[in-house]
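The residues making up each chain are set out below.
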Amino acid sequence: MKKIAVITSGGDAPGMNACIRAIVLTAYQHGMEVIGFRHGFRGIVEDLNQPLHPNDMRLVSQRGGTILLSSRYPEFKQVSAAKAAAQVLDAHGIGALVVIGGDGSFRGAHHLNQHWYGQVIGVPGTIDNDLAGTDTTIGFTTAVDTAMEAIDRIRETAEAMARVFVIEVMGRHAGFIGLHAAIAGSAEGMLVPELEPQPKLAEIADNIKRARSAFPDSSYIVVVSENLWPGGVSQLAKELTQATGTTCHAAPLGHIQRGGRPNAQDRILSMQLGQAAVHAIIDGASGHMIGVEQGHVVEVPIHLTFERDKPLDLRLVNLQRGLQQLNFASKVG
Ligand code: ADP
């Protein structure tokens, strides 16, 4: 009987547990055992193993976070760490490893694949959606829902008090959450790294001033990707307050975007990818990510997922830009 192992690594994402469930159930259906290692790659090296049985999978898909726990473990970049992991995997008689994680975790998976004879399969699990070769990643749409709900709440108080807010969303160095949350939250402004790697204060301030003078009783929200403005949105709000003469409020949404129950879309995606990962193992695949493109499951060489940039959807960029302008036009008109 073949044994497969699973880890969740790097930033946790809602839906990882649903993916683990699909992997365990599918593996058992095909007569394979599953072992989890807690805390990602560190857990393999330190042999923090945990057998996973279908009975343990009841009531896990609904939960955010990861039942296998995660960690950042930079030591895994060393060849000695990959070799140590290979030894532990061999000692357990494991033939294949599924890594659920983001681009860092996939670099780790690629690294391990070069030092271990077993099969290594990646499943994209990150709220940032910043992996090439897949339209979406586990946790992304739940994170966008969470950001949207937070923006809606801020909108209500901002509208009541005619306030300006700069709201920081996650995304690491990518603007997928920013773009989607800006559209869904009907933001007046959006700053994401792909479109404006170095946004100009004068331009943002000018837009706020024009909107304020045209419609002083209205709220104004700018969605800003994390790691974009030096000092974050608190600093940006201070600078904008000075530049516009209007108090600008900062709202960094932070880790609430990581947690929470996965939405239906993320649960379905997670289970689809988890099941496909086991099927790929049975078919003998290794060094591949299981992703989804236009509704179809795809297998992509894992190194291509982090070596290539994934562009924002231009149609959505144009949608937001057009609506931002129309919004402003309707205020001045
Ligand atoms: P994410 O997977 O969410 O992008 P990280 O970037 O923190 O998260 O990566 C998760 C883990 O993957 C790291 O803590 C490390 O153990 C491993 N990892 C990251 N980059 C590499 C690399 N270049 N080589 C080997 N392992 C890596």
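Criteria and cut-off values
- Residues numbered from 1 in each chain as written.
- Predicted model: local features only at pLDDT ≥ 70, side-chain atom pairs only at ≥ 80, totals over all residues.
- Axes fitted to C-alpha atoms, helices over the stretch in contact; angles between N-to-C directions.
- Helix = DSSP H or I, 4+ residues; strand = E, 2+ residues; numbered from the N terminus.
- Parallel < 35°, antiparallel > 145°, perpendicular 65-115°, else oblique.
- Left-handed = near helix turned anticlockwise from the far one by under 90°.
- Contact = placed C-beta atoms within 7 Å.
- Nonpolar A, V, L, I, M, F, W, Y, C, P; charged D, E, K, R; others polar.
- Near = placed C-beta within 6 Å.
- Domains from an automatic or database assignment.
- Buried ≥ 20, exposed ≤ 12 C-beta atoms within 10 Å, placed from the backbone.
- Core = buried A, V, L, I, M, F, W, Y, C linked by C-beta atoms within 7 Å.
- UniProt positions renumbered as here; feature names shortened; annotations may be inferred.
- Pairing = 2+ DSSP bridges.
- Expected span 1.5 Å × (residues − 1).
- Arc of directions from axis to C-beta.

## Notes on the packing of helix 5 (residues 140-161) against helix 6 (residues 176-184)
So, point 1. Relative to each other, helix 5 and helix 6 sit at 45°, their axes nearing to 9 Å. With respect to helix 6, the axis of helix 5 lies oblique. Where helix 5 crosses over helix 6, the two elements pack in a sense that is right-handed. Contacts from Phe140, Ala143, Val144, Ala147, Met148 and Ile151 of helix 5 reach helix 6 at Phe176, Ile177, His180, Ala181 and Ala184.
So, point 2. Grouping the constituent residues of the contact of helix 5 with helix 6 by class yields 10 nonpolar, one polar and no charged.

## Topic: the site of the ligand
So, point 1. Among the 19 residues in the neighbourhood of the ligand, the closest are listed as Gly10, Gly102, Gly104, Ser105 and Gly108.
So, point 2. Listing elements by their share of the shell around the ligand, those giving two or more residues are helix 2 (40-45) and helix 4 (103-113).
So, point 3. Of the residues forming the shell around the ligand, the biggest block, six residues, is contributed by helix 4.
So, point 4. Grouping the amino acids of the shell around the ligand by side-chain chemistry returns four nonpolar, 11 polar and four charged.

## As for the domain arrangement of the protein
Accessible area lost on assembly of the parts is the figure often given for the size of an interface.
So, point 1. Per the domain assignment, the segments making up the protein are domain 1 (3-127 + 135-139 + 262-307) and domain 2 (141-258).
So, point 2. Listed as interface residues are 11 residues of domain 1 and, on the opposing side, eight residues of domain 2.
So, point 3. Looking at side-chain class alone, the side of domain 1 that touches domain 2 contains three nonpolar, six polar and two charged residues.

## A word on helix 6
So, point 1. Burial of helix 6 is extensive: seven of the nine residues sit out of reach of the surface.
So, point 2. What helix 6 keeps buried is the set Phe176, Ile177, Gly178, Leu179, His180, Ala181 and Ala182.

## Thoughts on the nonpolar core
So, point 1. Cys19, Ile23 and Ala277 are the most contacted members of the largest nonpolar core, which has 95 residues in total.
So, point 2. Formed jointly, this core draws a minimum of three residues from each of two domains, domain 1 (3-127 + 135-139 + 262-307) and domain 2 (141-258).
So, point 3. Beyond its immediate sequence surroundings of up to four residues, Ala277 is in contact with Ile23, Val98, Ile121, Val123 and Ile290.

## Thoughts on the UniProt feature "domain: Phosphofructokinase" (unreviewed entry) in the protein
So, point 1. The positions that UniProt labels "domain: Phosphofructokinase" (unreviewed entry) are, in the present scheme, residues 3-281.
So, point 2. Counting secondary structure, residues 3-281 comes out at 43% helix and 18% strand; the distance between its end C-alpha atoms is 11 Å.

## Points about the pairing of strand 2 (residues 33-37)
So, point 1. As paired elements, strand 1 (residues 3-8) and strand 2 share four bridges and run parallel to each other. By the bridge assignment for strand 2, Val6 is matched with Gly36.

## Things to note about the sheet that holds strand 8 (residues 220-225)
So, point 1. Pairing within the open sheet is parallel, and its four strands lie in the order 7-8-6-9. The two strands at the open ends of the sheet, each matched to only one other strand, are strand 7 (189-191) and strand 9 (248-252). Pairs of neighbouring strands in the sheet enclose a mean axial angle of 20°, with direction left out of account.
So, point 2. In the sheet, strand 6 (residues 164-169) pairs with strand 8 via six bridges, with the strands oriented parallel. Directly across from Glu168, in strand 8, lies its bridge partner Val224.

## Topic: helix 7 (residues 201-214)
So, point 1. Compared with the 20 Å implied by 1.5 Å per residue over 14 residues, the 20 Å span of helix 7 between its first and last C-alpha is a close match.
So, point 2. For helix 7, the full list of buried residues reads Ile204, Ile208 and Ala211. Taken around the axis of helix 7, the buried residues stretch over an arc of 70°, which confines them to a single face. Structural note: helix 7 exposes Ala202, Glu203 and Ser213 on the side pointing more than 90 degrees away from its buried face.

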